[in-house]
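Each chain, written out:
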Amino acid sequence: MEAFSEMKTPAFVFDLDDIRSNINYLVRVDSSSTEADRQTRNYYKADDSKLVWISTSGIDERADSLLAWLHLVGEIGFTEYSFGVADIEDDLQRMRNLDFGEGRQSLTHVAARLEYRLTKACLRYTYGQRYGYTNPYHILNSLDADKKDTLGNALSYRRLFDVKMDLPSKHYANTILNKVRKDSLAEYLRKIQLTDKMYLKLKSMLPQANTNEQHRRIMVNMERCRWRRHQPIADHGKRIIVNIPAYHLYAYSPDTTIDMRVVCGTLRTKTPQLSSNIEWMEVNPQWIIPMSIVESDITRHVGDSAYFARHRYGIYERATNKLMNIRAVTRQMLLSGKYRVAQQGGAGNSLGRIIFRFKNNFSVFLHDTSNPGAFSRESRAVSHGCVRVSKPFDLARFVLDTPDDWLLDRIRISMGLPPMTERGQEYIDSHDEGDRNLIGYVPVKPRVPIYIIYQTLWPDADGVLQTWPDVYGYDEVVWKHLKPYMM
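All figures in this text were calculated on a predicted structure; none of them were measured in a lab.

Calculation criteria
- Residues numbered from 1 in each chain as written.
- Predicted model: local features only at pLDDT ≥ 70, side-chain atom pairs only at ≥ 80, totals over all residues.
- Heavy atoms only, no water.
- Axes fitted to C-alpha atoms, helices over the stretch in contact; angles between N-to-C directions.
- Helix = DSSP H or I, 4+ residues; strand = E, 2+ residues; numbered from the N terminus.
- Parallel < 35°, antiparallel > 145°, perpendicular 65-115°, else oblique.
- Contact = heavy atoms within 4.5 Å.
- Phe/Tyr/Trp six-rings, centres within 6.5 Å; stacked < 30°, edge-to-face > 60°.
- Buried < 20%, exposed > 50% of the residue type's maximum accessible area, 1.4 Å probe, protein only.
- Lys NZ or Arg CZ within 6 Å of the ring centre and 35° of its normal.
- Pairing = 2+ DSSP bridges.
- Core = buried A, V, L, I, M, F, W, Y, C linked by side-chain atoms within 4.5 Å.

Engineer: Is there a simple way to explain the packing of helix α10 (residues 212-226) against helix α17 (residues 474-482) in this structure?
Structural biologist: The axes of two packed helices give the description: the angle between them and the distance between them. Running from N to C, α10 and α17 cross one another at 85 degrees; their axes reach a closest spacing of 9 Å. Relative to α17, the element α10 is oriented roughly perpendicular. Residues H215, R216, R217, M219, V220, E223 and R224 of α10 lie in contact with α17, whose contacting residues are Y474, D475, E476, V478, W479 and L482.

Engineer: Would you explain the packing of aromatic side chains in this entry?
Structural biologist: The relation between two aromatic rings is expressed through the spacing of the ring centres and the mutual angle of the planes. Taken as a whole and judged by the stated rule, the model has 20 aromatic pairs. Residues Y454 and Y472 carry aromatic rings whose centres are separated by 5.9 Å and whose planes lie at 20 degrees to one another, so their mutual orientation is stacked. Placement of the pair is Y454 in the loop between β14 (441-453) and β15 (457-459) and Y472 in the loop between β16 (465-467) and α17, with a sequence separation of 18 residues. A single burial state applies to Y454 and to Y472, both of which are buried. Relative to Y474, the ring of Y472 has its centre 5.6 Å away and its plane inclined at 65 degrees; by these criteria the two rings are edge-to-face. Across the pair, Y474 and Y472 agree in class, each one buried. Three or more aromatic residues joined by ring pairs make a cluster, and in this case those are F78, F83, Y125, Y133 and Y485. The ring of F398 is capped by K238, whose NZ or CZ atom sits 5.1 Å from the centre of that ring.

Engineer: Which parts of the structure should I look at to understand the pairing of strand β2 (residues 154-157)?
Structural biologist: Remark: a regular strand shows side chains that alternate across the two faces of the sheet. Taken together, the three bridges between strand β1 (residues 145-148) and β2 define a ladder with antiparallel strand orientation. Note on β2: the bridge partner recorded for K148 is A154. Following β1, the chain reverses through five residues before pairing antiparallel with β2; G152 in that reversal takes a positive phi of roughly 90 degrees.

Engineer: Any chance you could explain the nonpolar core here in plain terms?
Structural biologist: Soluble globular proteins: nonpolar side chains tend toward being buried together. Counting residues in hydrophobic clusters, the biggest one holds 138 residues, and the most contacted among them are L366 and V399. Among the elements that make up this core, the one with the highest residue count is helix α5 (residues 107-131) (13 residues). Look past the residues within four positions of V399 in its chain and what remains in contact with it is K238, I240, I278, M281, F356, V444 and V448.

Put into structure tokens, the structure is as follows:
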């Protein structure tokens, strides 16, 4: 090699120290704020970071593999500019044509820019396509303050999104950059493309969006499809979907579709998004009144036995389940957490005559109601967070696996509905109205998946895609965090 040393052109020699110095400058001046951008800066800040794209032979086809996908971001509503495509291609051409001058166009400057911009674009794209360009845990669970200090600053927030989903590990950026080094990036980029039917349907609608509002609505609902659920919304088998903006419940099985109106939480007590499985039903359930309602309403009536009798409320000591004398309970006792207030089951109970229970972190369930008038409203955001259903018996029959006629009649009779069998009618004829609670706990086997979702573009019971109002304002929140990819 010494024999060829005189042929070496200084302008074409890589100086790693100079390249690193220029990358450090790019890190310092980069103020972009996405998670991928932060990981890009963190990688190059590390003392042991190595160049990913640039080698002693220049730059190879790995950059072209990435650019091929970046040229397609317009199909999903983003701009190539937000991934720095034009700047990358300009410097890539300089590198391959050995078109270097002095100053900002010198080899070390071009190499540094290519190295940094390719990594940033690569991480932006892979993070977004694999996990979503936004993180719903961050953006939705920091909206509604649960507790505030004396100055009005939020101390904690209500959890509004609790769907288990894939999230990038702290090592994800290094995993991607290792794929670049091993030349397996192209295969990975193909692997992370979404094949979800709803996503592809929305993507096909983007070119036909005639207004900014239509475009924005399609984009935010596409983003929701990118959030990879651990329990994906099934498109076969028995399942229940509650779409909050539609105020509707859809129950699907291979041979049945049920569509019913529902009531959801108010703006102050929003119904959370979650996925679970219905495990059992309770007929004529007791309503354990949430502490938030006890604090805001019940404590005002402490000592008023007529109020408690009228609403059929009882106060119980939690440790012993002892029913307390209403007149002996003080406001301080109720607020201590050592007592619970419960409403007796039966007609007039706030939960109605039946409740459908599933595991979740909010004590939120599907249930009947003693106030069916709310179902006639156009806007049905009036609950404390639970979902009230307008056809509770139909839903009970749906979740049961091949129930016999007597089981269904026992549920009907216990709910105060007329029986459908002779045996049921005979029971009605021989029992007083107050003695017709035939059944309480009803297991649901196999369990039925339930998804409480928030989609402002979602099909109705007939499979026709409908537009629903952004009742909680989540579209605007997601849109705000997508904007960096559209500039």
